[in-house]
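Spelled out from the first residue to the last, the chains are:
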Amino acid sequence: MTGSAQHLRAFARSLCGNRDTADDLTQETLLRAWAARERFAAGTSFKAWTFTILRNVYFGQIRRLRFVGEYNEIEAERVLSTPATQDVGLDASDVLRAMALLPAAQREVLILAAVGHVSYREMADICGVAVGTIKSRIARARASLSATIESGILPDYRHNYVLKGEVLDAFMAELGKIAPQHVIDRHHA
């Protein structure tokens, strides 16, 4: 049997290419051969019989490993968790509701800057004021918008202010109310 064990180990190593795995395969094969010793037919090749057992054990393990993957907790957490999408609509709704409280001049420059991606110079031309005035209006609008949202005191209730379609569409509609046609055309191109 010791001569058979050496041949089995060599055969196992040729199958899997790993010494430790080959030793495990050889041990499993010998255990299975011992458990099935009544089925061995006298006068046949013991070596061939054990090689067949080893081969079956090896390919059985390979088949089972197809269904077992390596577990990476970080990757699993990334794949299995998805960001909540309903909050995006609610946050956008809050921003639009808070923007309604801003003075028209501040709302206009904030929408042109944030949604229209219009430069300060172009905003100054559109609004007919100096660039410094545009910067000042944007700073005041941002501060006021932030304070309003943080306070939670917004006009109308969320359930009365439901966004229709995508969030971007709602902001583009606001841009469409105030921006000149050439600014709107840039976003549709």
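Overview of the structure. Along each chain, the written sequence defines residue order, and numbers are assigned to residues from 1. A pLDDT threshold of at least 70 governs which residues receive local features in this predicted model, and a stricter bar of 80 or more applies before side-chain atom pairs are shown or counted, although totals over entire chains, interfaces and linings include all residues. Think of the side-chain values as coming from all heavy atoms in the structure, minus any hydrogens and water.

To continue, consider the nonpolar core. Working definition of a nonpolar core: buried Ala, Val, Leu, Ile, Met, Phe, Trp, Tyr and Cys residues. They are joined through side-chain atoms within 4.5 Å. Only protein chains enter the accessibility calculation, which uses a 1.4 Å probe; a residue whose area is less than 20% of its type maximum is buried, one above 50% is exposed, and one in between is partly exposed. Ranked by internal contacts, the top residues of the largest apolar core, which has 26 residues, are Leu112, Met123, Ile134 and Leu175. Secondary structure is summarised from DSSP: a helix means a run of H or I of at least four residues, a strand means a run of E of at least two, and numbering begins at the N terminus for each. Among the secondary structure elements, those contributing two or more residues to this core are helix H5 (86-99), helix H6 (104-114), helix H7 (120-127), helix H8 (131-151), helix H9 (167-178) and helix H10 (181-188). In terms of nonpolar packing, the next biggest core, distinct from the first, is built from 9 residues, Ala12, Ala22, Ile53 and Val57 among them.

Notably, His117 is not glycine yet its phi reads approximately 55°, a positive angle. Judged by relative accessible area, which is 59%, His117 ranks as exposed.

A word on helix H3 (residues 46-65). Helix length check: H3 (20 residues) gives 29 Å between terminal C-alpha atoms against 28 Å at 1.5 Å per residue, within 8%. For H3, the set of buried residues is Thr50, Ile53, Leu54, Val57, Tyr58 and Gly60. Along the long axis of H3, the arc covered by the buried residues comes to 160°, so they all point the same way. A helix's residues, less one, multiplied by 1.5 Å, set its expected span. Each direction from the helix axis to a C-beta atom contributes to the arc, which is the arc of those directions.

Within the element layout of this structure, Ala124 appears in helix H7. You can call Ala124 buried: its relative accessible area is 2%. With 11 residues separating them in the primary sequence, Ala124 and Lys135 have C-alpha atoms 9.4 Å apart. In this description, contact between two residues means that some pair of their heavy atoms is separated by no more than 4.5 Å. Sequence-distant contacts of Ala124, defined by excluding residues within four places in its chain, comprise Val129, Ala130, Val131 and Ile134.

The quantities given are spatial measurements derived from coordinates; they are silent on function.
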